[in-house]
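Take a look at the letters that make up each chain.
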Amino acid sequence: MQARVTAEAAFRLLADGMNRATGDTFFITLVAKLAEILDVDHVLVARVGNDHRAHTLAVWSHGEPAPDLSYDLAGTPCETVAGQEVCLYPEGVQQRFPDDELLQRLEAESYLGLPLCAQNGRPLGLLAVLNNRPMQLAGLESEILHIAAAQASAQIERNQASRALQRSEAVARESERRLETLLNHLPGMAYRCLNDADWTMLVVSQGAEALTGYPPEALLHNREVSYAALIHPLDRACVEAAVEEGVVGRSPFRVVYRLQTAAGQWRWMLEQGQALYDAVGEVKGLEGFISDITEQYESQRVQDAVARVAAAITTRIGDDYFHQLVRHLVEILEADAGFIATFSPDTPPEQGEATVDRRHLTTVSAVGDDRCLENHAFDLSTSPFAALMTTPECAVQPEPPLRWPGLGEDHTAWIGRRLDNTQGEPVGIIVVLYREPPETNGFASSVLRILSSGAAAEVERRHDHRRMRQLAYFDGTTGLANRVRFMEDLVAMRDAAERDQQPLALLLLDIRRFKEINDLHGHQLGDRLLATLAGRLQRSVVSGEALSRLSGDEFALLVPGATPERIDGCVARVRAVIARPIYLEHHSFSLRVSIGLATYPRDARAPGELFKAASIALYHAKRENDGVCPFSASMHHALERRQQMTERLGEAIREDRLTLHYQPQVDLRTGELTGAEALCRWQDGQWGWVSPGEFIPLAEERGLIRPLGDRVLEQATRQLLDWGQQGRTLPGRLSLNISAQQFADPNLAEHIQRLTAGLSATTIALELTESDFMRDPEQAVIITRVLRKAGFTLAIDDFGTGYSSLAYLRRFSAQALKIDMSFVQHMLANPHDRTIVDTIIAMAQALGMKTVAEGVETAEQAEALAEMGCDEAQGYWFGRPLAAEAFAAEWLGPAAAKDSEEAK
């Protein structure tokens with residue numbers, strides 16, 4: 001290699017070429033000049049990346065520019081140059097680097113490379129000179145190359161710096177654009193303002209218009225309105241105090257206030273900001289962000305209001321619930337008055353169930369001027385609140401203003417909500433009244449919307465309570481008090497007789513041969529006959545007497561102050577009424593009656609004993625022609641037998657001579673066994689089999705039911721464990737009856753767990769009659785929850801024969817209702833019994849409880865129960881109670897052979 005010109009001409013030529021080169025042409029000019037000055041075939045400049053590859057910035061080959069290229073440094077002479085060393089291969093370079101495709105393509109014979117470095121020594125790239133013939137490096141050529149390398153290094157650094165600056169400026173512009181976009185698209189308003197009386201706005205984001213209804217330019221420098229003027233007058237002092245506190249404390253401030261929009265609406269705002277200070281610490285302005293929190297704020301206000309009301313009224317029942325609800329609503333909603341009104345119930349004499357008049361309303365609670373107002377009734381159709389029947393929620397400013405009874409001033413606005421039951425039927429209304437219209441209706445409407453559901457539920461509970469009371473206490477056919485009500489009347493009148501030291505007579509009436517009338521003319525006419533007779537008897541009853549229908553054709557009459565003369569007169573009056581012919585459907589019925597009579601205190605002192613004495617007398621009366629039989633000493637042998645039975649039963653319990661029989665319970669849909677009920681049986685050595693209907697009530701009366709119940713639990717436990725050892729498994733649970741006396745034990749759960757040790761609680765279901773639950777409902781709620789927690793299943797037995805409050809029924813932790821057999825056995829013939837069964841099933845489904853029908857004796861009964869949605873059943877149709885071995889053989893399959901299993 002030898003320069004074509006002198007040293008002076010070479011440097012001038014290089015300098016002139018570089019001076020004319022711009023940033024875009026610098027490198028191609030450089031390689032072209034070097035190729036001319038040094039008289040070589042190829043020159044290239046390349047930068048070296050982090051990927052250990054060379055990326056050319058300019059290539060000159062055979063007197064013209066060549067395309068840029070990229071190649072791996074490994075296996076090339078450039079690899080040494082990239083390591084900051086000058087590299088010269090005067091000849092044979094292809095033989096030294098046979099894998100370098102670039103050398104082969106250029107047909108290079110010799111190679112000279114110089115590193116390009118930054119001022120701090122950081123590698124930047126390389127400058128390479130290649131020739132197709134051998135070359136030698138003279139002093140002039142070396143100096144030219146070093147000058148060119150320095151110029152190339154400087155240009156690469158300038159380019160990198162320029163690109164870095166461009167990237168930085170682009171990032172800054174992008175950040176500024178994003179900030180502007182963010183501020184203008186946030187759901188709120190960013191601002192900067194002076195800390196003056198008007199909060200003069202200097203900068204306002206585009207969100208101002210959505211927030212206030214005013215465009216940003218209207219707020220800037222108070223051109224149309226000052227922001228401070230939009231703040232609610234009652235909130236201005238609070239805002240100024242919060243800002244001042246932040247300024248003084250040099251801390252951010254946060255404040256919530258109301259702001260009036262351009263449309264005249266009041267909206268709740270959340271402002272968060274801070275003060276700006278100059279170099280000497282003086283406040284030069286404020287900046288921050290304001291957002292509309294109306295929905296969140298109102299929602300929280302509603303939640304707080306509802307929680308406050310709920311906390312005050314959750315323990316209230318009856319009228320007190322409504323009084324407290326209205327009083328708190330008026331206070332929280334800043335109203336002047338309020339009331340709850342329900343539709344007036346109407347019970348025609350010929351019907352046994354209340355209906356509802358949808359026209360007339362009666363207030364159950366009204367509050368105004370901080371006092372309770374008298375309730376009154378009004379016609380809905382002519383009242384200002386008639387709109388609630390078509391629109392469930394209304395906010396009205398009536399013309400003319402309305403005046404509520406008992407209040408002296410007019411009300412110019414009211415907000416109301418219709419109360420609907422679970423079927424969507426209106427049951428009442430709830431209303432608050434204002435003397436001056438409120439600024440907004442949203443808060444009051446939201447609170448009423450939530451609390452109205454509780455008020456509607458309480459109104460519906462009252463209606464259900466009346467309906468359940470009607471079902472529980474009154475006979476659907478005759479309208480008379482039923483057996484449940486009779487027993488309560490018996491207890492109350494016996495207590496009154498004891499208190500007044502007066503005798504009390506109980507007359508049990510049985511219509512003779514009434515079954516024949518049913519068989520000949522049908523149950524429908526028989527029911528009409530009973531209803532007509534009941535009406536006559538009821539009209540004949542004098543003040544103080546109580547008439548009830550106990551069952552079928554059996555009635556009961558309680559007569560206080562029962563002197564012999566009054567009893568004789570009462571008997572004569574009853575017999576005369578019944579003897580009068582009754583005409584129905586062209587038939588004339590002449591009835592006769594059997595009367596059993598017992599008196600307190602001569603025949604019995606306890607209510608139950610008095611009823612039993614009258615029942616014994618009625619039994620004898622049915623056998624006598626005269627048909628009237630007072631209880632007498634000649635019937636005392638029955639009491640003696642009861643005493644003997646008490647002694648023998650106690651002995652049988654102590655000696656564990658009672659046995660258990662098992663009656664299957666089946667799924668009405670599939671017919672599969674779902675469990676069994678354990679029934680206590682007693683075979684006495686002298687009397688033989690004694691009916692459970694005789695000895696179990698006796699055990700309850702004489703204090704033997706607890707040890708009897710313990711024996712049943714122990715035997716049932718042994719039997720289930722024994723079946724388990726035999727490889728027999730009872731599906732579902734074994735149901736065991738628990739008496740009211742056992743249930744009164746607060747430690748019942750622990751006691752049962754000890755008696756059933758070795759068994760899982762999930763294998764046992766405990767049954768208690770409905771009337772026993774209601775002896776002490778609050779205690780029942782506590783104990784049932786403890787039993788459920790222990791894992792036992794609970795069922796309410798004989799449901800429908802007692803009286804359960806829906807409120808308590810929902811609180812009991814029972815999982816099943818057992819429908820009493822008295823309803824099941826007559827439901828196909830008696831529509832009222834069928835209605836009761838249907839009602840019980842529907843109620844159980846609504847409460848998430850299972851239903852089990854007792855006493856199912858026919859396929860028709862089973863099919864009807866299944867159609868009504870009953871879950872399970874037991875009775876003679878499915879299987880009679882059997883001894884343990886017989887039950888296992890029939891229902892649980894053959895026992896597994898233990899020895900053969902062990903042999904396997």
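First things first, this report covers the structure right here in the doc. Keep in mind the model is a prediction, meaning the values are calculated, not measured. (Residues numbered from 1 in each chain as written. Predicted model: local features only at pLDDT ≥ 70, side-chain atom pairs only at ≥ 80, totals over all residues. Heavy atoms only, no water.)

### A word on the overall build of the chain
A count of helical and extended segments in the chain gives 30 helices and 36 strands. For the chain, buried positions account for 48% of its 904 residues. Within the chain, contacts between residues at least 6 apart in sequence are counted, and of these 60% link residues at least 24 apart. Of the accessible surface of the chain, which amounts to about 44,200 Å², a share of 50% is contributed by carbon and sulfur atoms. (Helix = DSSP H or I, 4+ residues; strand = E, 2+ residues; numbered from the N terminus. Buried < 20%, exposed > 50% of the residue type's maximum accessible area, 1.4 Å probe, protein only. Contact = heavy atoms within 4.5 Å. Areas by Shrake-Rupley, 256 points an atom, 1.4 Å probe, with all protein chains shown as cover.)

### Comments concerning the sheet that holds strand E9 (residues 201-204)
Strand order in the open sheet formed by 5 strands is E9-E8-E12-E11-E10, and the pairing between neighbours is antiparallel. The open sheet has two free edges, formed respectively by E9 and strand E10 (253-260), since each of these has just one partner strand. Across the sheet, the mean angle from the axis of one strand to that of its neighbour is 30°, orientation sign disregarded. (Pairing = 2+ DSSP bridges. Axes fitted to C-alpha atoms, helices over the stretch in contact; angles between N-to-C directions.)

### Some details on the packing of aromatic side chains
Here a ring pair, both rings aromatic, is described through the centre-centre distance and the interplanar angle of the planes. Applying the stated criterion to the full structure yields 18 aromatic pairs. Aromatic pair Tyr321 and Phe322: ring centres 5.4 Å apart, planes at 80°, arrangement edge-to-face. The pair Tyr321 / Phe322 is uniform in exposure class, with both members buried. The ring of Trp687 carries the charged tip of Arg648 above its face, separated from the ring centre by 5.2 Å. The ring of Tyr876 carries Arg880 above its face, with NZ or CZ at 3.8 Å from the centroid. (Phe/Tyr/Trp six-rings, centres within 6.5 Å; stacked < 30°, edge-to-face > 60°. Lys NZ or Arg CZ within 6 Å of the ring centre and 35° of its normal.)

### Comments concerning unusual backbone geometry
Looking along the chain, the bond that leaves Glu399 and enters Pro400 is cis, with omega of -5°. Of note, Pro400 is situated in the loop between strand E17 (393-396) and strand E18 (413-420). With an omega of 0°, the peptide bond between Tyr600 and Pro601 qualifies as cis. Along the chain, the position of Pro601 falls in the loop between strand E25 (593-600) and helix H17 (607-622). For Arg250, which is not glycine, the phi dihedral falls at a positive 50°. Within the secondary structure, Arg250 sits in the loop between helix H9 (236-249) and E10. Positive phi values are uncommon outside glycine, yet Gln501 reaches one of about 55°.

### Remarks on the side chain of Ser548
One can find Ser548 in strand E21 (residues 546-551). Judged by relative accessible area, Ser548 falls into the buried class, the value being 1%. When near neighbours in sequence (up to four residues on either side) are disregarded, Ser548 contacts Leu480, Ala481, Asn482, Phe486, Phe555 and Ala556.

### Here's the deal with the environment of Cys238
With respect to the helices and strands, Cys238 occurs in helix H9. For the pair formed by Cys238 and Tyr257, sequence separation is 19 residues and the distance between their alpha carbons is 8.0 Å.

### Details of the pattern of salt bridges
With the rule as written, the count across this model stands at 36 salt bridges. Across the pair Arg449 and Glu393 runs a salt bridge whose closest N-O atoms are separated by 2.8 Å. In this pair, Arg449 is assigned in helix H12 (residues 442-473) and Glu393 in strand E17, connecting sequence segments 56 residues apart. Accessibility expressed as a relative area gives 39% for Arg449, which makes it partly exposed. What you see here is one network of salt bridges that share partners, running through Asp336, Asp369, Glu409 and Arg435. (Salt bridge = Lys/Arg side-chain N within 4 Å of Asp/Glu carboxyl O.)

### Quick notes on the sheet that holds strand E20 (residues 504-511)
A sheet is described by the order of its strands in space; here 5 strands give the open sequence E21-E22-E20-E25-E26, paired in mixed fashion. In the strand order of this sheet, the two ends are held by E21 and strand E26 (628-630), each with one partner. Ignoring which end each strand starts from, the neighbouring axes of this sheet average 20° apart. Pairing between E21 and strand E22 (residues 554-560): 5 bridges, direction antiparallel. If you follow Arg549 over to E22, its bridge partner there is Phe555. Across the sheet, helix H13 (residues 483-500) touches E20, E21, E22 and E25, and the angle it forms with E21 is around 140°. Where helix H16 (residues 564-579) meets the sheet, its contacts fall on E20, E22, E25 and E26, and the angle it forms with E25 comes to roughly 160°.

### Some words on the environment of Val93
Tracing the chain through its elements places Val93 in helix H4 (residues 93-96). Distance from Val93 to Tyr111, taken between C-alpha atoms, is 6.6 Å for residues 18 residues apart in sequence. Every residue in contact with Val93, bar those within four places of it in the chain, is listed here: Pro77, Leu103, Ala108, Glu109, Ser110 and Tyr111.

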